[in-house]
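The lines below spell out each chain.
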Amino acid sequence: MEQLINRYRNISVLILAIVAQLSLLAYQVRDAHDVRLIRVWAVSAVTPMARLLDFARSGTSGFLNNYLLLVGVQQENQRLKTEHDTLTMENRQLHAELSSADRARELAIFQQHSPQQTVAARIIGDTTGGGNSRAVILDRGASDSIADGMPLITAGGIVGRIVQVFPNAAYAMLATEQNFAAGVISQKSHVTGILKGQGGSAAVVDGIQNEQALEPGELFFTAGNDQIFPRGLLVGRVSSVRNGRAQKDVVVTLSGFENGLEEVLIVTRGVHTPVPEPPVVPQPVVLQPPVDAPPLSQEVTQPSAKGGSDSPGSPVPAPANSSQAKSKAMRSGPVSTDADRAMEAERARRHPQSKKGGGEPQDTATPVPRP
Amino acid sequence: MSDFPSGFVDPRKKDRIARYRWVAVAGIILAAILFQVYVPPFFSYFAYLEMPLLVTVYFSIMRRSQATGVLLGMVIGLAQDSLSPNHPVGLFGLVKTLVGYFAAYMAQRFDVQNPLSRFFITLFLFIFHQFFYWVLSSALLGLPTELAPGEVVVLATLNAGVAVPLYHLLDKLRVSD
């Protein structure tokens, strides 16, 4: 018996296993039931391992994505940097083009309204001119009727002059160079001097004596006495001035270079124009109170077109009893000084019909000196 | 007397029975089942690997016991069925029971230490597994299952190719006599 069992043990186990599983299948197929218990056991058995496996997988995936697979990120970073640099360069280029367009438009307007006959030129290069001075190359030459010595200007002022002419190009010395010189005159004091370049952004004006009046901030214009620049072109503003041994040391900031220098105007035929007068700045005027009249209010007033006496802040005499007297006093005030009497006489001479008041002169804003 | 070359049948080696620690066996079986159920959804190119089948074949041929092969195949197949949703429990169990039985049967006649014999045994049993699964599922249970012979052969070759180095690694877990 034992021998028989041993002999058929394997096939018996196989048959038992097959029958058992076939029965399980048949149970599921016949009643459409699920063997939930077996699934619960299996799932419960493998779930801890599955969690461990998922943890390892997610950890490995995260490690790979965050650390080992950074080659793509580096490439993307490089691409973004390149794109950023390209956009930055484009932005700068557009800004430069916009600025250049503004300058060109400004120059065109200036050219249109300037009495000078000019030819617009573009600076196309930079070179070293004679005498170790730096020169710029312009895209205009003899074919455009450009000649040696012609001034270069911008809307801001003078910037140089032509020093050498070729058929289709020209060399120009800038006003900042040491060999540059031009006769200039100040706007307010009308002192004349010689503008000389210093190799930097500023220039100096020689030939102004210490006794001559000159203030910082004053404008210099071309004097027209150098046979190169016509009179009346703006040169620059005095940035500093101080007395030297015999002459003043005057430093001028050239106004023609303030907005950059890409396009210039070559003055082919200069026209002298007067140096513009400095603008009049209104100054406060102080009128002292009359001798006998008690002070009523603050007597500081501003000059006005209607004269000083009828302005709200003008000196007002003591209050009168009647409204008529008050009105008269408001218009003219008491006649108590020699100046007042002279003014009253002059008023009566000019307007005899309005002798009782009114008709203030238009130019009486300035104080009259006391006798 | 076998018709195979002498390398496939070695009387000195064929009676050797490999022994393993039960923890190692349980762990490998569990890992194979987990691999089959959880890895392919994340790494689809591992879907062609039938790890539970390879583990069943390995332990069956190394134990050379048909009863052990039957029980091992049945447990692994039922576990695989249980972890496969909407899949009748017992289908993989039946197929792997037969695979375990025949693997142990073949191990008694061939030298299963030889990589070539391992390759062909696995190749044959994979085809048998797929064919018998198709027979049971379509004929017995009426499930819509297709059998593509060319695909089965390719997959059998791939699995057999993976099985040879895998078996070599699993040999490291053997307990020396």
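Residues numbered from 1 in each chain as written. Chains lettered and ligands numbered in written order. Predicted model: local features only at pLDDT ≥ 70, side-chain atom pairs only at ≥ 80, totals over all residues.

1. Considerations on the overall build of chain B
The number of helices and strands found in chain B is six helices and two strands. Going through the 177 residues of chain B one by one, you find that 42% of them count as buried. Within chain B, residue pairs in contact and separated by at least 24 positions form 69% of the contacts whose partners lie at least 6 positions apart. (Helix = DSSP H or I, 4+ residues; strand = E, 2+ residues; numbered from the N terminus. Buried ≥ 20, exposed ≤ 12 C-beta atoms within 10 Å, placed from the backbone. Contact = placed C-beta atoms within 7 Å.)

2. Quick notes on the overall build of chain A
From N to C terminus, chain A includes six helices and 14 strands. The buried share of chain A, taken over its 371 residues, is 22%. For chain A, the share of sequence-separated contacts (at least 6 apart) that also reach a separation of at least 24 residues comes to 56%.

3. With respect to helix H5 (residues 115-140) of chain B
All names here are of chain B. Over its 26 residues, H5 extends 36 Å from the first C-alpha to the last, a length consistent with the 38 Å expected when each residue adds 1.5 Å. Residues of H5 that are buried include every one of Ser117, Arg118, Ile121, Thr122, Leu125, Phe126, His129, Gln130, Tyr133 and Leu136, and no others. Summarising the contacts, the buried residues of H5 are in contact with helix H2 (51-63), helix H4 (91-107) and helix H6 (149-171). (Expected span 1.5 Å × (residues − 1).)

4. Section: the sheet that holds strand S8 (residues 202-206) of chain A
Sheet strands associate in pairs through backbone hydrogen bonding, adopting either a parallel or an antiparallel arrangement. Residues and elements named next belong to chain A. Overall, antiparallel pairing links the six strands, which are arranged S6-S7-S8-S11-S10-S9 in a closed barrel. The mean inter-strand angle of the sheet, taken between neighbouring strand axes irrespective of direction, is 40 degrees. Across five bridges, the pairing between strand S6 (residues 181-186) and strand S7 (residues 192-197) is antiparallel. In the strand pairing of S7, Ala182 is matched with Leu195. (Pairing = 2+ DSSP bridges. Axes fitted to C-alpha atoms, helices over the stretch in contact; angles between N-to-C directions.)

5. Here's the deal with the confidence of the model for chain B
All names here are of chain B. Residues of chain B with pLDDT of at least 70 account for 89%, and the chain-wide mean is 84. When the elements of chain B are averaged for pLDDT, strand S2 (residues 174-175) gives the smallest value, 84, and H6 the largest, 93. Model confidence for the complex is summarised by a pTM of 0.44, with the ipTM given as 0.80. (pLDDT = per-residue confidence, 0-100.)

6. Some words on the interface of chain B and chain A
A common way to express how large an interface is: the accessible area buried when the components associate. Every contact between the two is made by 23 residues of chain B and, on the other side, 22 residues of chain A. Counting only elements with at least two residues in the side of chain B that touches chain A, the list comes to helix H1 (22-38), helix H3 (66-82) and H4 of chain B. A total of eight residues in the side of chain B that touches chain A trace back to one element, the largest contributor, which is H3(B). Classifying every residue of the side of chain B that touches chain A gives 18 nonpolar, five polar and no charged. (Nonpolar A, V, L, I, M, F, W, Y, C, P; charged D, E, K, R; others polar.)

7. Quick word on the nonpolar core
In terms of nonpolar packing, the biggest core is built from 54 residues, with B:Val57, B:Tyr58, B:Ile61 and B:Ala103 touching the most fellow members. Secondary structure elements with two or more residues in this core: helix H2 (9-31) and helix H3 (36-68) of chain A together with H1, H2, H3, H4, H5 and H6 of chain B. Here the element with the most residues in this core is H4(B); it accounts for 12 residues. When neighbours within four sequence positions are excluded, B:Ile61 is seen to be in contact with B:Ala103, B:Ala104, B:Met106, B:Ala107, B:Val112 and B:Ile121. A:Ala170, A:Leu195, A:Phe229 and A:Ile266 belong to the second largest nonpolar core, which has 48 residues in total. (Core = buried A, V, L, I, M, F, W, Y, C linked by C-beta atoms within 7 Å.)

8. A few points about the pairing of strand S4 (residues 158-165) of chain A
Residues in a regular strand project their side chains so that they alternate between the two faces of the sheet. Residue and element names in this part refer to chain A. A large share of S4 lies buried, amounting to seven of its eight residues. Bridge analysis of strand S3 (residues 151-153) against S4 gives three bridges, and the strand direction is antiparallel. Of the residues in S4, the one forming a bridge with Pro151 is Arg161. The turn linking S3 back onto S4 is made up of four residues, and Gly157 within it adopts a positive phi angle of 155 degrees. Judged from the five bridges that link them, S4 and strand S5 (residues 170-174) form a sheet pairing that is antiparallel. Each residue of the ladder has a partner; that of Ile162, found in S5, is Ala172. Hairpin remark: S4 followed by S5, antiparallel, with four residues in the connecting loop.

9. So, the packing of H2(B) against H5(B)
Residue and element names in this part refer to chain B. Remark: H2 packs on H5, axes separated minimally by 11 Å, with the N-to-C direction vectors making an angle of 125 degrees. In this view, H2 runs oblique relative to H5, as classed from their interaxial angle. Judged by the sense of rotation from one axis to the other, the crossing of H2 with H5 is right-handed. Residues Leu53, Leu54, Val57 and Ile61 of H2 lie in contact with H5, whose contacting residues are Ile121, Thr122, Leu125, Phe126 and His129. Here the residues of the contact of H2 with H5 are counted per class, giving seven nonpolar, two polar and no charged. (Parallel < 35°, antiparallel > 145°, perpendicular 65-115°, else oblique. Left-handed = near helix turned anticlockwise from the far one by under 90°.)

10. Some remarks on the confidence of the model for chain A
Residue and element names in this part refer to chain A. For chain A, mean pLDDT is 76; residues scoring 70 or higher make up 77% of the total. Ignoring residues within four places in sequence, the model shows residues 297-332, a span with pLDDT below 50, making 61 contacts including any to other chains. Predicted confidence is poor over residues 355-371, with pLDDT under 50, and the contacts of this stretch with residues over four places away or in other chains come to 30 contacts.

11. Points about the environment of B:Gly90
The residue B:Gly90 is located in the loop between H3 and H4 in this model. Under the C-beta neighbour-count criterion, B:Gly90 is labelled buried, with 29 such atoms within 10 Å. In this structure, the C-alpha to C-alpha distance between B:Gly90 and B:Leu78, residues 12 residues apart in sequence, is 5.7 Å. Sequence-distant contacts of B:Gly90, that is, excluding residues within four places in its chain, are made with A:Gln21, A:Leu24, A:Leu25, B:Leu78 and B:Asp81.

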